[in-house]
Amino acid sequence: MGDPRGDRNMDLSLREADPEVAAAIAREAVRQRDHIELIASENYAFAAVREAQGSILTNKYAEGYPGKRYYAGCEFVDVVEDLARSRALQLFGGSEHVNVQPHSGASANIAVFSAAMEPGDSFVAMSLSQGGHLSHGAPVNLSGRWFAPTFYGVRPDDGLIDWEGVERAVATAKPKILIAGASAYPRTLDFARFAAIAHDAGAKLLVDMAHISGIVAAGLHPSPFPHADYVTSTTHKTLRGPRSGIAFARADLGAALDKSVFPGMQGGPLMHVIAAKAVAFGLALDPSFRTYMERTLANAKSLAAALAAHGFGVVTGGTDTHLILCDVTPLGVTGKEATLALEAVGVTINKNSIPGETRSPMVTSGVRYGTPAATTRGMGEAEMVQIAAWSAEAIARRDDPAALRRIAAEVSALARTFPVPGRDATSLAEHGA
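Right, let's walk through the structure included here. Quick caveat, the model's predicted, so the values are computed rather than measured.

## Here's the deal with the overall build of the chain
Here is step 1 of the chain: When helices and strands are tallied, the chain shows 17 helices and 15 strands.
Here is step 2 of the chain: Taken over C-alpha atoms, the radius of gyration comes to 22 Å for the chain, in line with the 22 Å a tight globule of 433 residues would show.
Here is step 3 of the chain: In terms of its C-alpha atoms, the chain occupies a principal-axis envelope of roughly 65 × 65 × 40 Å.
Here is step 4 of the chain: In the chain, which comprises 433 residues, the share counted as buried stands at 54%.
Here is step 5 of the chain: Taking the intrachain contacts of the chain between residues at least 6 apart in sequence as the baseline, contacts between residues at least 24 apart amount to 71%.
Here is step 6 of the chain: Split by element, the accessible area of the chain, about 18500 Å² in all, is 54% carbon and sulfur.

What follows is the structure, given as structure tokens:
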């Protein structure tokens, strides 16, 4: 007879099975506990989200869609995917069709491209150097290699969208798609105006709301759904879900979108991740989520004002969203130097190109801050003012190891008063994985 427990490794803990990976996770838990996370695209997933993502649903193959699977035994994962779909549609009222299977926001964008265009077709998007995203036509990305992008940007005087440039790009390119959305644009997007330009030219409007989806869900940013033909998003960032993607479409475009995702791009969906999305959407439907987003936006405004007061060149003069884009050349550093100085004291941001950039993407003249993660931990406007002061001092004293050690200790002391969400996060940091 066979022994169902013949593989002695099956029930080992992570620390027992792979102490090297366990140790790296424990060190990351310490980093998250003691550092202040201000990368605009990062957040903390709640314990329930991570529990779903780490569940036994990872064992199940489920090619296809609920009720139309290629494998047997999918009756319970069908329930999970239907919950994710219905909650997403409820959360973003006005949408007609949703696909919750894309593995990332970039995958969702490529799925829309595949559904709406043929290789070589033209589309128009914001330039990466002006605030756009890699998957919006950058030459190193599939979107730029397989299709023909034309770009618009922002006005040099105020950093706001150059609407005449959008119109010129669309008139010249005659695109199949116009993309509205960015990864480093801090102001409200006028989806109605984008839609008018796209539809007047016979193009479809794709809104990539990856950064602002939580703000949209909370009703604190205009919704793209009355205007867009397609909408894509990540599910982490401001939504506090798992690292993954989602795609919406008008009802008449839904079948083509689904076919583009599966079987066009992906095989079996990640059902454990889809379960985590369902949980995140459910949490975002709670009234407390709007309060969280209100605090996130208030923190961003306070941080932007405090950074400006310390000499940072805040692009557009402020923010309407969760992110702040800054020119650090007035402080005598590059974006790379500023990021390294802040990392040395436990304040985590990212270097970022700014409008009119003269340096390479690996160096940059700017940095990007964001408040979703710090707000999730409970930090408020007073903490934002302190973070700006630490940022300025760390940059100014970046060659003074003693000063950096002192600031790092102050950062860690503050961070520890705002626990990382999840009962196990503190345990990991204190006792190891």
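This is not the end of the story, as more comes after the structure.
## Let's talk about unusual backbone geometry
Here is step 1 of the chain: Here phenylalanine 262 and proline 263 are connected by a cis peptide whose omega angle stands at 10°.
Here is step 2 of the chain: Look at arginine 240: it is not a glycine, yet its phi comes out positive at around 65°.
Here is step 3 of the chain: With respect to the secondary-structure elements, arginine 240 resides in the loop between strand S9 (230-234) and strand S10 (245-249).
Here is step 4 of the chain: Even without being glycine, threonine 364 reaches a positive phi, approximately 65°.
Here is step 5 of the chain: You can see threonine 364 is positioned in the loop between strand S14 (350-352) and strand S15 (366-370).

## Some details on the environment of valine 411
Here is step 1 of the chain: For valine 411, the location among the structural elements is in helix H16 (residues 401-415).
Here is step 2 of the chain: As a C-alpha pair, valine 411 and valine 345 span 66 residues in sequence and 6.9 Å in three-dimensional space.

## Observations concerning the side chain of threonine 316
Here is step 1 of the chain: With respect to the helices and strands, threonine 316 occurs in the loop between strand S11 (313-314) and strand S12 (323-327).
Here is step 2 of the chain: A relative accessible area of 19% places threonine 316 in the buried class.
Here is step 3 of the chain: There is a polar contact of 3.0 Å between the side chain of threonine 316 and the backbone oxygen of glycine 318.
Here is step 4 of the chain: Sequence-distant contacts of threonine 316, defined by excluding residues within four places in its chain, comprise Asp158, Gly159, Leu160, Pro186 and Arg187.

## Concerning the sheet that holds strand S4 (residues 97-99)
Sheets are built from strands that pair by backbone hydrogen bonding, the pairs being arranged parallel or antiparallel.
Here is step 1 of the chain: Here seven strands make up an open sheet; going across it, the order is S4-S10-S9-S8-S7-S5-S6 and the pairing mixed. Strands with a single pairing partner mark the edges of an open sheet, and in this sheet they are S4 and strand S6 (148-152). Direction aside, neighbouring strands of the sheet carry axes that sit 20° apart on average.
Here is step 2 of the chain: One ladder, built from five bridges, connects S9 with S10; its direction is antiparallel. By the bridge assignment, serine 233 is partnered in S10 with isoleucine 246.
Here is step 3 of the chain: Contacts from helix H7 (residues 163-173) reach strand S5 (122-126), S6 and strand S7 (177-180) within the one sheet, and its direction differs from that of S6 by about 155°.
Here is step 4 of the chain: Of the strands in this sheet, S6, S7 and strand S8 (204-208) are in contact with helix H8 (residues 191-200), which crosses S8 at around 150°.

## Re the packing of helix H13 (residues 335-344) against helix H15 (residues 381-396)
Here is step 1 of the chain: Contact pair H13 / H15: the axes reach a minimum separation of 9 Å and the direction vectors enclose 110°. As the angle between them shows, H13 and H15 are arranged roughly perpendicular. In the packing of H13 onto H15, the handedness of the crossing is right-handed. Listed contacts from H15 to Ala338, Ala341 and Leu342 of H13 are Ser391, Ala394 and Ile395.

## Details of the side chain of arginine 368
Here is step 1 of the chain: With respect to the helices and strands, arginine 368 occurs in strand S15.
Here is step 2 of the chain: Buried within the structure, arginine 368 lacks any salt-bridge partner; glutamate 42 is the closest side chain of opposite charge, at an N-O distance of 7.7 Å.
Here is step 3 of the chain: A distance of 3.4 Å separates polar atoms of two side chains, one belonging to arginine 368 and the other to serine 41.
Here is step 4 of the chain: Separated by 3.3 Å, the side chains of arginine 368 and histidine 211 make a polar contact.

## Details of the pattern of salt bridges
A side chain of one charge can pair with a side chain of the opposite charge when the charged atoms of the two come close.
Here is step 1 of the chain: This structure, assessed with the given rule, holds 18 salt bridges.
Here is step 2 of the chain: Measuring nitrogen to oxygen at the nearest pair gives 2.9 Å for the salt bridge that ties aspartate 34 to arginine 416. With aspartate 34 in helix H2 (residues 19-34) and arginine 416 in the loop between H16 and helix H17 (423-431), this pair connects stretches of sequence that are 382 residues apart.
Here is step 3 of the chain: Residue arginine 416 is classed as partly exposed on the basis of its relative accessible area, which comes to 46%.
Here is step 4 of the chain: Notably, a salt bridge pairs arginine 250 with aspartate 229, separated by 2.1 Å at the nearest N-O pair. Separated by 21 residues along the polypeptide, arginine 250 in the loop between S10 and helix H10 (254-265) and aspartate 229 in the loop between helix H9 (213-217) and S9 bring together distant segments of the chain.
Here is step 5 of the chain: The class for arginine 250 is partly exposed, based on a relative accessible area of 28%.
Here is step 6 of the chain: Accessibility expressed as a relative area gives 3% for aspartate 229, which makes it buried.
Here is step 7 of the chain: Beyond isolated ion pairs, a larger network of salt bridges with shared partners links Glu393, Arg397, Asp400, Arg406 and Glu410.

## Let's talk about a nonpolar patch on the surface
Here is step 1 of the chain: Residues Leu14, Val21 and Ile25 make up a contiguous nonpolar surface patch of roughly 210 Å² in combined accessible area.
Here is step 2 of the chain: Here isoleucine 25 shows up in helix H2.

## A look at the packing of aromatic side chains
Here a ring pair, both rings aromatic, is described through the centre-centre distance and the interplanar angle of the planes.
Here is step 1 of the chain: Inspection of every chain in the model, using the stated rule, returns twelve aromatic pairs.
Here is step 2 of the chain: When the ring of tyrosine 61 is compared with that of tyrosine 71, the centres are 5.2 Å apart and the planes differ by 40°; the resulting orientation is tilted. You can see tyrosine 61 sitting in the loop between helix H3 (47-53) and strand S2 (64-65) and its partner tyrosine 71 sitting in the loop between strand S3 (68-69) and helix H4 (75-91), a full ten residues away along the chain.
Here is step 3 of the chain: With a relative accessible area of 47%, tyrosine 61 lands in the partly exposed category.
Here is step 4 of the chain: By relative accessible area, tyrosine 71 is classed as partly exposed at 39%.

What counts as what
- Residues numbered from 1 in each chain as written.
- Predicted model: local features only at pLDDT ≥ 70, side-chain atom pairs only at ≥ 80, totals over all residues.
- Heavy atoms only, no water.
- Helix = DSSP H or I, 4+ residues; strand = E, 2+ residues; numbered from the N terminus.
- Rg over C-alpha atoms; globule rule 2.2 N^0.38 Å.
- Buried < 20%, exposed > 50% of the residue type's maximum accessible area, 1.4 Å probe, protein only.
- Contact = heavy atoms within 4.5 Å.
- Areas by Shrake-Rupley, 256 points an atom, 1.4 Å probe, with all protein chains shown as cover.
- Polar contact = N/O pair within 3.5 Å; in protein donor to acceptor, adjacent residues only side chain to side chain.
- Pairing = 2+ DSSP bridges.
- Axes fitted to C-alpha atoms, helices over the stretch in contact; angles between N-to-C directions.
- Parallel < 35°, antiparallel > 145°, perpendicular 65-115°, else oblique.
- Left-handed = near helix turned anticlockwise from the far one by under 90°.
- Lys, Arg positive; Asp, Glu negative; His and termini not counted.
- Salt bridge = Lys/Arg side-chain N within 4 Å of Asp/Glu carboxyl O.
- Patch = residues over 30% accessible without salt bridge, like charges linked within 9 Å, V, L, I, M, F, W, Y side chains within 5 Å.
- Phe/Tyr/Trp six-rings, centres within 6.5 Å; stacked < 30°, edge-to-face > 60°.

Geometric values such as these leave the question of function open.
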